[in-house]
Amino acid sequence: MAALKHRYLDLAGMEALRHVRLRPRGEAEGTFAGPHKSHFRGTAVEFADYREYAPGDDIRLVDWKVFARTDRHYVRLYDAERNLLTYLVVDKSGSMEFAGTVRSTASKLEHASRLAAALGYLVVREGDEVGLSLADTALHRHLPPAASSVHLNRILDALDQARAGGQTDLAACLEQVFARIRRRGVLVVFSDFLDVAPDFWRRIDLFRRSRFDVILFHVVHPEELELPALAAARFQETEGGHGYFNAEPDAVRGLYRRRFEAFLQEIKAGCQARGCDWFRANTADEPYGFLRNCFLEREA
Amino acid sequence: MNWPAFANPWLLAGLAAVGLPVLIHYLTRARPRRVAFPPFKFLLEACAGQQAVNRLRTILLLTVRCLAVLALVLLFARPFARPSGAAANAAASQRVVLMVDASLSMRAVQRGVPLFARAKAEAADVLRGLESGAEAGVILVGATPRTLLPALSRNLPALHEALVKTEPTYEAGDFQAALALAKRLLGGTGTLYVFSDFQKSNWEAAGELPAGVLCRLRPATTEPVNNMALVSARLLPEEPVAGETAEVICTVFNCGPQPREETVRLQLGEFTQERQVKVPAYATADCAFNVTFSQDGLFTGKTWLEPDDLREDDTRYLAVRVHKALQILFLSDADEGDTRSAAFFVSRALVPSAQAAPGLKLVRRHSQDTDRGILETADLFILVAPAALTGEAVEIMTRRVQEGARFLAVLDGPTAPGLVPAGLSPPFQLQRTVLSEAGDALIPGPRKLFAEADAGDWSAARFRRHYQTQALPGRSGDVVLSYPDGSAAVTLSSVGKGAAVFANLPLTPDGGDFIGSPMFPATLHELLRALRRSSEAQAVTPGAAWVLETPTPGEGALSVTDPEGAAIPTQAITSGRASRLAMPPARLPGIYSVKQGAAVVGAAAVNVDPRESDTRPIPLEQIKAGSGAAVTVVQGEEDLMLAGKARPLWPQLAAAAAALLALEMILLAVWRRAAPVVGGAPEVRTSASRL
């Protein structure tokens, strides 16, 4: 792990996340034993229940004190602890390319990639498994969860090679992700959610019904919040549209700010209603400090 | 509807600048930078509602700016509304009369420029501005208004040349005659310009402005002319005798809002004096100089003030003929030896002895013993009853009194009715004889005899009068003394240039004890003085024809020279020992001398009309206009030609431009404060820039 070196992963900066761990709100369902509580029965130290002995059970698990009292054979069951499966979905549509008029910050895709890389590193560092999906109208790259550093490198390479473009159909992408995964875990989505439609929420509901822990990182650029500091601008559509809109940002800033804030609140409310975590990821913020705050908030 | 015309139509080319705000708007707008903006739809949603409003605001703002530019361009082009109706016809007819006030008051100098020069220059401007083909005339207003050319003329250069050569007169302005002349020239259509200082004293009696014409009144000044003037200088008595002390009474008029103290100087013959006089605001004050002429003869002189803005009325001239003695023709049929007759007491009271009454030469005659010579040379006729005059004597005396002689009749006895000639206009009518055995007291009448209020005291005197009289209507002011029943006892009336006294007093010992009273000679002498004072002054002013009377002691033709020494053509009306010369209207104030050969035999003073000294203007709205006349007062630096043709519209345009600019600023301020979108109307799917 110490050998990792990538443009989206600053290990020195990751020191801020040294004491941070991604813990699922539910039970983990990883392939391997891990530090997270799961619904499986296993050999952990935590007693869970009794069960009548059946042939094939390990005789060491028979509780002889119960046999002495009841003259029946019962075996003791213990909780199994599994590792965590984390699914990172990064939106790489055209809108994620926005980096501001003077490129004062990283693009939204770069910022999302940086967050995803940090999160993947944290997950792998804890022995959990992490997967990655790059999405626009469809999944372009899907790396199933794995826990090795080699896999982490693959994820980093995939993020590095990702180029923003095309339109967005996050709902379809999530549906494809759901179809490809077999066990529940944590779904982390990095997107600007500009094309949120009812289908998107239905897919989120789908994950939630499957007891996924869902975290949405809403990536925004400061100029999306406040409009660019220009005297006049011709605002053009992204993701293939050809519409444009001439305006003086100073003149329309107030109205726009109110509308965009309402949009953010709408997404946030949708998440809260579904028990999802929602974080506004401003590209101007330092990513690791932001992530630490997110984890602290989540655990609080 | 009459479209407005423009004084500077070439400036209308500036209308091309009306689109300037739009052009500037598009040229100076910020060049939009292309920004691929992911939340594009939110921007659209946020601003779509404002789009129409903003576009409307921008259009409104540009419209206001364009209108403001339009108003400014029109303002500089100086539009004016053409007159309508009768006024339009008047203007269109191009018949113009310029009435220029050339009266004395227009000689006033303000800021170094005489008012007349200003008026003349402005009139010349109007004349130059007339279109070719226009008919114009110029009336110079003096005592006798005159036109520079006999009728309206199209020869405007000649008229202009004549106007430039005009000079103000020393005369009073007769605007009534001037307006009548203007009315005749215009014939009911055209434009009348009046350049005047609009003195109230002249314009009050001017009558109406001509009907049906466009009248433009142009005050020569808007500032008051503060003026001190000598409005009168009189000698009392008018023709003193040698050795007699006479008074020169000067009246000073202060035509200003502040009381002033002035020094009045007199130079008359060998006398030079000065007096201080305090004059309240807009009032007169008198000051008197006492002069005693040691010998008879002709004396000329003047009184004057320190010069002010109107210096021509600061000097008044005097011409005084001092007689050797006052010749009194005393007519009575009483014997000279009758020491109980009224004639005896009257003659003794007047001339007790030759030494006691210097300057009085009394010639006593019986009423039937008069010759034409004595009647023609007497200065004062005293008739004491009983006396029965011949018709010729009455006729001559009446004429002589009209010409300036004095007349005193004592109605004492049955012949009294013959001593009341109708030609002398007695202020009463003799009614009947009365018997007042106890005697009647005297009551002072409206006309005072003595200058001091307590000097005349007749309360102790009683008169057994002979006649009851009744004052004629309107003549009660001539009564000096009266009886308790209202009968006039003594009257004093002006008759032509002379004066007459009728004394209904019995002046015999039987008639009362008055002749024994010291009041008797005092009353007689005071009556004599009053008689010499009460002649109607024949003031001669420039511009009016007049008659000059002079004694002609020798043979030879008379010649008259004006104050500048120029000969004046005259015509003799009468000749003999005294001549009367018909003089043309005087041009200058000053002393006009009459010479016979090389000797100066007579002189007369011509002084300016005191009405011209009152420089207060009349409120122009008080000047009446005839029916259909459109009257405009042209004030300040307005273009006279423009005013003459039409009503200027630039004030309205200036106000409109100011209002539009203010509206633009208010709109900007309100919109910037109230809404975030100002001038930044978004535009979707169009290449046009912001509005």
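This write-up is about the structure you can find in this document. Not measured: the values here are computed from a predicted model.

## Details of the sheet that holds strand β11 (residues 227–236) of chain B
Two orientations exist for strands paired in a sheet by backbone hydrogen bonds: parallel and antiparallel.
Residue and element names in this part refer to chain B.
Next, step 1: The sheet built from three strands is open, its strands ordered β11-β12-β15 with antiparallel pairing. Strands at the two margins of the open sheet, each flanked by one partner only, are β11 and β15 (283–292). The sheet shows a mean angle of 20° between the axes of neighbouring strands, direction not considered.
Next, step 2: Sheet topology places strand β12 (residues 245–255) next to β15; ten bridges connect them, and they run antiparallel.

## Quick word on the nonpolar core
Next, step 1: If you look at the biggest cluster of nonpolar residues, it comprises 49 residues, and the most contacted ones within it are Leu187, Phe200, Leu216, Phe235 and Phe260 of chain A together with Leu43 of chain B.
Next, step 2: Ranked by residues supplied to this core, first place goes to helix α7 (residues 249–273) of chain A with nine residues.
Next, step 3: Apart from residues no more than four positions distant in its own chain, phenylalanine 260 of chain A is found in contact with Leu194, Val220, Glu224 and Leu225 of chain A together with Pro39 and Phe42 of chain B.
Next, step 4: Among the nonpolar cores identified, the runner-up in size contains 46 residues, and Leu442, Trp458, Ala499 and Phe520 of chain B belong to it.

## A look at the sheet that holds strand β5 (residues 139–146) of chain A
All names here are of chain A.
Next, step 1: If you trace the six strands from one edge of the open sheet to the other, you get β5-β4-β3-β6-β7-β10, paired in mixed fashion. Since the sheet does not close on itself, it has two edges, and those belong to β5 and β10 (277–282), each with one partner. On average, adjacent strands in this sheet sit at an angle of 15° to one another, irrespective of strand direction.
Next, step 2: Note: strand β7 (residues 213–220) against β10, six bridges, orientation parallel. Paired with valine 220 across the bridge in β10 is asparagine 282.
Next, step 3: On top of the sheet, helix α5 (residues 198–209) reaches β6 (186–191) and β7; it is set at about 145° to β7, its chief contact.
Next, step 4: Helix α8 (residues 287–299) rests against β7 and β10 of the sheet, and its axis sits at about 160° to β10.

## Quick look at the environment of glutamate 564 of chain B
Residues and elements named next belong to chain B.
Next, step 1: Counting through the fold element by element, glutamate 564 comes out in the loop between β29 (558–561) and β30 (567–568).
Next, step 2: Owing to a relative accessible area of 57%, glutamate 564 belongs among the exposed residues under this scheme.
Next, step 3: Measuring from C-alpha to C-alpha, the distance between glutamate 564 and leucine 588 comes to 8.5 Å, with 24 residues separating the pair along the chain.
Next, step 4: Ignoring any residue separated from it by four or fewer positions in sequence, one finds glutamate 564 in contact with Arg587 and Leu588.
Next, step 5: Within polar-contact distance, the side chain of glutamate 564 engages the side chain of arginine 587 at 3.1 Å.

Here is what the cut-offs are and how they apply
- Every chain begins its residue count from 1, and numbering advances along the sequence as written.
- Starting at A for chains and at 1 for ligands, labels are handed out in the order in which the entities are written.
- Selection of residues for local features in this predicted model requires a pLDDT of at least 70, selection of side-chain atom pairs for listing and counting requires 80 or more, and totals for whole chains, interfaces and linings are taken over all residues.
- To obtain the side-chain values, all non-hydrogen atoms of the structure were used and water was disregarded.
- In this description, strands pair whenever DSSP reports at least two bridges between them.
- Here a helix means four or more residues in a row that DSSP labels H or I, a strand means two or more in a row labelled E, and each is numbered from the N terminus.
- To get an axis, a line is fitted to the C-alpha atoms, and for a helix only the part in contact is used. The angle between two axes follows their N-to-C directions and goes from 0 to 180 degrees.
- Definition used in this section: a nonpolar core is a set of buried Ala, Val, Leu, Ile, Met, Phe, Trp, Tyr and Cys residues joined via side-chain atoms within 4.5 Å.
- For each residue, the accessible area found with a 1.4 Å probe, counting protein chains only, is set against the maximum for its type, and the residue is called buried under 20%, exposed over 50%, and partly exposed in between.
- Throughout, a contact is declared for two residues whenever any of their heavy atoms are within 4.5 Å.
- Polar contact is the term for a pair of N or O atoms within 3.5 Å; when the atoms are in protein, one must be able to donate a hydrogen and the other to accept it, and sequence-neighboring residues count only if both atoms are side-chain atoms.

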